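Analysis of the macromolecular model
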Amino acid sequence: MDLELSGLIKKIADFISAKDSSGSESLFDSLALEVFNFQYRRIEPYRRMCDRIGVTPSRVTSWTHIPAVSTRAFRLFRMFSGEDKYVARIFKSSGTTDPALRSRAYFSRAGLEVMDLAIMTNAAKRFFPDGRSCRLLVLGPDPAKAPDSIMSYGMSRLVEKFGLEGSGFLACHSQVDLELLLEAVNRCVAESIPVAIMGSSFACLNFFEFLAARDSRLALSSGSRLLHAGGFKGRTREIPVHAFVAMASVRLGLAPERVVNLLGMTELASQIYDQRPAQFDFTSRSGDSHNEPAFHLKAPPKWMRTLIVDPRLPGDSDEGSLMSPVEKKGILRHFDLANIERPLAVQSEDLAAGRLLSAAQGHPPPGYVFEILGRAELSEPRGCSLSSEDLCIGLAAATTS
Amino acid sequence: MLTDAISWWLPPELEAKLNLVPDSHFEIIRQYEHGAQSISVGFKCLTPMGMTIACEFLKEKRDAVLLTKSIDQIAGALDAASEQWLDPAFEHRSRAIRWISAVTGFSSEMVAHSIDLEMKSSRRQHLIQALRNEIGNPYSLDDFQENPNACGFTRAYGPQLVGAIFSSNIPALPHLEVMRAMLLKSSCIGRVSAGEPIFLALYSRALEKIDPDIASCLAVVYWQREAVDTESAFLNSVDHLVAYGGDSQIQRLMRARPPGLNSTWHGHRLGVAYITRGALSASGITDLARKIAYDFSIFDGQACLCPQVCFVERGGEISPRRFAETCAEQMIYWKDILPPQSLSISAASHRYHTREIYLMRESMGEPVQVVDAPEDLSFTVLLEESGRVEPSPGGRFLRIMPVEDSIEVQRLLKPLANHLQCAALACGTDESVRMSEVAAKLASAGVSRIVPPGIMGTPSMMWHHDGQACLAKMARWCDIELLSPEEMLELGSDRDP
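**Here's the deal with the overall build of chain B**
Looking only at helices and strands, chain B features 18 helices and 18 strands. For a compact globule of 497 residues, the expected C-alpha radius of gyration is about 23 Å, and chain B comes in at 24 Å, within 12% of that figure. Dimensions of chain B, computed from C-alpha atoms along their principal axes, come out at roughly 70 × 65 × 45 Å. For chain B, with 497 residues in total, the buried portion stands at 60%. Counted over contacts in chain B with a minimum sequence separation of 6, partners at least 24 positions apart contribute 75%.

What follows is the structure, encoded as structure tokens:
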């Protein structure tokens, strides 16, 4: 039994569960520093990285200075504080068939329990704030079919806690699947049961398009809602958020505040939801008219912080960035207290634009709310020097010709 | 449409013609942003009909105009153009520097330097020499010339119309193809790259002032990626295709072009540097490191000419590690003179993560040492013994690989044979035998140009670009033979073989 770990887990679990959020800021800070200290000692690749860059616990006095680990490191190194015998579950990122390129997130039994708590607490506040249970229809494989997927796992926790009878996972690829899904949704409508449709943004869009092809407009029962995860990053289809929300409104009869987006990552135990919309204003970048529904900005839960970092500015991660201009563009750096056995500070490659809100603006905790713009992809024109992308294409062509 | 800059050129006569035909062309605007700089650039897109009209026009002009000009006149005009571009007071030069910097993010110092490098290698002497190198007697493009190798006369002709497709963001690169076409008395129609659409339009305008006839044989246009019909009209109208691009672009064009269309391909390339142990002397190390760092800094590592790996033999007076450290100092030296390209957040993120992972791999005991990698992401110097040569992540990325000898390097380069181009080779003053040996190994591996360090970025026009005789490829010949081969032999017994 790892006493130090269980002590930390208990403190963080209490912090997550605490109803009262006063004093959160300093408590978050001290917990983060405690977790950093633990991780420095226990996660070898992390310790070596901290030593290499000369940023160690004795030199860090605020959570903003905790060295963040690149998401890419989760593919290459074992980023876990415990021994193999404590590993209860390993999640792997998707998006590529090459196993060497998938992030791996290790969890002990206790670590899974903290994640469960984080998942439920967050969902209760951001997706089921009215306390209503719904029939949950998840568009995607259940954990038995996709044991590597942290998203399937998370969805199954939600089904368990918030799902009325008849909740479950549905495939959503073929026409047949979509027809079965439609039947399931229609049953909810017929029985006047609120339904929560949950899945990747793409799966939901597929369903909207399926309905559009039949010119179907459903009127889901009051209390129904939709949760979509992942957005449209890195794919050929791209529709703006407001168009997606409009489709949900037309096809399912859902008001905009009932359509919620979620950011989840294999490297993080916690998720980031849209904050409740219509509370905060965000001036549209493209000069859209004021008739556009309010952008759904993301706000981390109280046991997380997210910074927007501009990688072009050295040292753009320290406290200075919390004082920086009101709107900022950069890549997201997350600090997740529920990541106890894996690095709590994670540097992603997600591009975002965000706004810093202080406690004074009625936004606990202070920090960034943000909108994800996509992945930091290298799509701009480049030179004629050979790149690894060139080689991949060449190899593919050689094997097909 | 008012934009900050334009990317197109049409001879006035052709422009007037196209304006009379509805649906022959349309304009699009692209916005480029780098940090505080923002610039809008206008593109003239031809429709299939417009393309056909333009190509017809250019072919007629070639016959009516270029064929009546002499090689000396054409070389003279091109030389005058190069000279102009080298003059700091030339108005188009400062405009080009400003606009290309805004579009590409390259510092204005780098853009100016690139223009200088290109123009200094495009003088009259180079142009004539290039023809001599591949065509033999340059004046065979004017008229039948006596052929010293046979008993008779030879004449050469270039294609009527060369079509060029440019890619990449390297400043001023396209003008090389215009010169090649003109030297063969061919008209040229070029599609600019969205990555650097500025130079060719300004070059054309400047050329018009020098020689409007020659400039009337040139068109600089655009069509969007999806405009396959326009591309098809282009491919079916030109007599020779020159295409730059990555493997996928080239493979696509290979399939799309008419089967009989002669083509010259310039794909993406990987350059190397090779330092023998004899070159690693304490007295010469700083100078050598400065030259290597320069080669790794020009064009911010993005040109095909740029090196991506530096092989350093072990066992010299200076160790590979010490050499790497000296190179790192020199990368800082060049940073001041040629400031780095301004980066988008995406590009910077990529470098940021790459840097983080290298630091982690080093700290986990993998065979890689991060010799220097400043937090501002301006350059990286690594010492790596991974046993594999891979393309670098881009930017000023100096990867030093300690090696035993050129046999090892030949093995390492084998998988990249189709993508090799330039090699910088440094040997000791007493290593002439080794130099031949290493050069031979590099050449057999697929390298098409070997130079001393410091000039990787300035190929001459005599270089067989990507191993091809680019001028000769476009030529066709007519020989007048006055004797039979048997008779030539009888004659030959009196002559030196």
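So, next bit.
**Digging into the sheet that holds strand β3 (residues 37–46) of chain B**
Residue and element names in this part refer to chain B. Read from one edge to the other, the open sheet built from three strands follows the order β1-β3-β2, with strand pairing classed as mixed. Of all strands in the sheet, those bounded by a partner on one side alone are β1 (5–6) and β2 (25–34). Looking at chain direction, β1 and β3 are connected through two bridges and run parallel. In the strand pairing of β3, Ile6 is matched with Gly42. The strands touched by helix α4 (residues 91–104) within the sheet are β1, β2 and β3, with β3 carrying the most contacts at an inclination of about 95°.

**Describing the pairing of strand β5 (residues 152–157) of chain B**
Residues and elements named next belong to chain B. Pairing between strand β4 (residues 145–147) and β5: three bridges, direction antiparallel. For Glu146, the partnering residue across the bridge sits in β5 and is Phe153. Hairpin geometry of β4 and β5 is characterised by an intervening segment of four residues between the two adjacent antiparallel strands. Across six bridges, the pairing between β5 and strand β18 (residues 476–481) is antiparallel. Directly across from Ala156, in β18, lies its bridge partner Trp477.

**Quick look at the interface of chain A and chain B**
Taken together, the contact between chain A and chain B spans 44 residues of the former and 45 residues of the latter. Summed over both sides, the interface of chain A with chain B buries roughly 3,800 Å², with 65% coming from carbon and sulfur. Summed over the three residues of chain A that lose the most area to chain B, namely Arg312, Cys384 and Leu386 of chain A, the buried surface amounts to 19% of that side. Counting across the interface, chain A meets chain B through one salt bridge. With a closest N to O distance of 2.3 Å, Arg52 of chain A and Glu362 of chain B form a salt bridge. Run the count over chain A and chain B and you get 17 residue pairs in polar contact (both at pLDDT 80 or more). The set of elements that each furnish at least two residues to the side of chain A that touches chain B consists of α3 (44–53), α4 (73–76), β12 (327–336), β13 (345–357) and α10 (388–400) of chain A. Top element by residues in the side of chain A that touches chain B is α10 of chain A. It accounts for six residues. Looking at side-chain class alone, the side of chain A that touches chain B contains 20 nonpolar, 11 polar and 13 charged residues.

**Points about the pattern of salt bridges**
Pairs may arise between side chains of opposite charge once their charged atoms sit close together. Residue and element names in this part refer to chain B. What the rule picks out here adds up to 53 salt bridges over all chains. The salt bridge partner of Glu177 is Arg180, with a shortest N-O separation of 3.0 Å. Residue Glu177 and its partner Arg180 are both found in helix α7 (residues 175–183); the two are separated by three residues, about one turn of the helix. In this structure, Asp466 engages Arg269 in a salt bridge whose closest nitrogen and oxygen atoms are separated by 3.1 Å. Placement of the pair is Asp466 in the loop between β17 (449–451) and α17 (470–474) and Arg269 in the loop between β10 (262–266) and β11 (270–275), with a sequence separation of 197 residues. Relative accessible area serves as the criterion here: at 11%, Asp466 is assigned to the buried category. Since its relative accessible area comes to 11%, Arg269 is described here as buried.

**What about the sheet that holds β18 of chain B?**
Residues and elements named next belong to chain B. Spatially, β4-β5-β18 is the arrangement adopted by the three strands of the open sheet, whose pairing is antiparallel. In this open sheet, the two strands that pair with only one neighbour each are β4 and β18. Going from strand to strand, the sheet's axes swing by 35° on average, the running direction of each strand aside.

**So, the state of the cysteines**
Residue and element names in this part refer to chain B. In this structure the tally under the stated criterion is zero disulfides over all chains. Free cysteine: Cys55, not disulfide-bonded; nearest cysteine sulfur from Cys188 at 10 Å. Free cysteine Cys427: the closest other cysteine sulfur is in Cys310, separated by 12 Å. Classification of Cys427 by relative accessible area gives buried; the value is 18%.

**Regarding the packing of aromatic side chains**
Residues and elements named next belong to chain B. Per the stated rule, a full pass over the model turns up 20 aromatic pairs over all chains. Their ring planes at 35° and their centres at 5.8 Å tell us that Phe166 and Tyr244 sit as a pair that is tilted. Taken together, the positions of Phe166 in the loop between β6 (161–165) and α7 and Tyr244 in strand β9 (residues 240–244) put the pair 78 residues apart, joining distant regions of the chain. Joined through ring pairs, the aromatic side chains of Trp85, Phe90, Phe199 and Tyr203 make up one cluster.

**Structural notes on the environment of Pro129 of chain A**
All names here are of chain A. Here Pro129 shows up in the loop between α5 (109–126) and β4 (135–139). With relative accessibility at 45%, the residue Pro129 sits in the partly exposed group. Along the primary structure Pro129 and Ile66 are separated by 63 residues, whereas in three dimensions their C-alpha atoms are 32 Å apart.

**Describing the environment of Trp265 of chain B**
Residues and elements named next belong to chain B. Counting through the fold element by element, Trp265 comes out in strand β10. For the pair Trp265 and Met254, spaced 11 residues apart in the sequence, the C-alpha separation amounts to 9.3 Å. Setting aside its immediate chain neighbours within four residues, Trp265 contacts Leu241, Ala243, Ile250, Leu253, Met254, Arg257, Asp466 and Gln468.

**Looking at the confidence of the model for chain A**
Residue and element names in this part refer to chain A. In the predicted model, chain A carries a mean pLDDT of 86, and 84% of its residues have values of at least 70. Mean pLDDT values for the elements of chain A range from 66 in α10 up to 98 in strand β1 (residues 69–70). Below pLDDT 50 for its whole length, residues 277–294 participates in 23 contacts with residues either more than four positions away or in separate chains.

**Looking at a nonpolar patch on the surface**
The grouping of Phe153, Ile480 and Leu482 of chain B at the surface amounts to a nonpolar patch, some 250 Å² of accessible area in total. Judged by its relative accessible area of 31%, Phe153 of chain B is partly exposed.

**Considerations on helix α12 (residues 285–297) of chain B**
Residue and element names in this part refer to chain B. In a regular helix each residue adds 1.5 Å, so 13 residues correspond to 18 Å; α12 covers 18 Å between its end C-alpha atoms and thus fits that length. Buried within α12 are the following residues: Ile285, Leu288, Ala289, Ile292, Ala293, Tyr294, Asp295, Phe296 and Ser297. Those residues of α12 hidden inside the fold are in contact with α5 (108–120), β11, β12 (307–313), α13 (320–337), β15 (397–403) and β16 (420–426). Phe299 occupies a position one or two residues after α12 and carries a positive phi of about 55°.

What counts and what doesn't
Residues numbered from 1 in each chain as written. Chains lettered and ligands numbered in written order. Predicted model: local features only at pLDDT ≥ 70, side-chain atom pairs only at ≥ 80, totals over all residues. Heavy atoms only, no water. Helix = DSSP H or I, 4+ residues; strand = E, 2+ residues; numbered from the N terminus. Rg over C-alpha atoms; globule rule 2.2 N^0.38 Å. Buried < 20%, exposed > 50% of the residue type's maximum accessible area, 1.4 Å probe, protein only. Contact = heavy atoms within 4.5 Å. Pairing = 2+ DSSP bridges. Axes fitted to C-alpha atoms, helices over the stretch in contact; angles between N-to-C directions. Buried area = accessible area lost by both parts, 1.4 Å probe. Salt bridge = Lys/Arg side-chain N within 4 Å of Asp/Glu carboxyl O. Polar contact = N/O pair within 3.5 Å; in protein donor to acceptor, adjacent residues only side chain to side chain. Nonpolar A, V, L, I, M, F, W, Y, C, P; charged D, E, K, R; others polar. Disulfide = S-S within 2.5 Å. Phe/Tyr/Trp six-rings, centres within 6.5 Å; stacked < 30°, edge-to-face > 60°. pLDDT = per-residue confidence, 0-100. Patch = residues over 30% accessible without salt bridge, like charges linked within 9 Å, V, L, I, M, F, W, Y side chains within 5 Å. Areas by Shrake-Rupley, 256 points an atom, 1.4 Å probe, with all protein chains shown as cover. Expected span 1.5 Å × (residues − 1).

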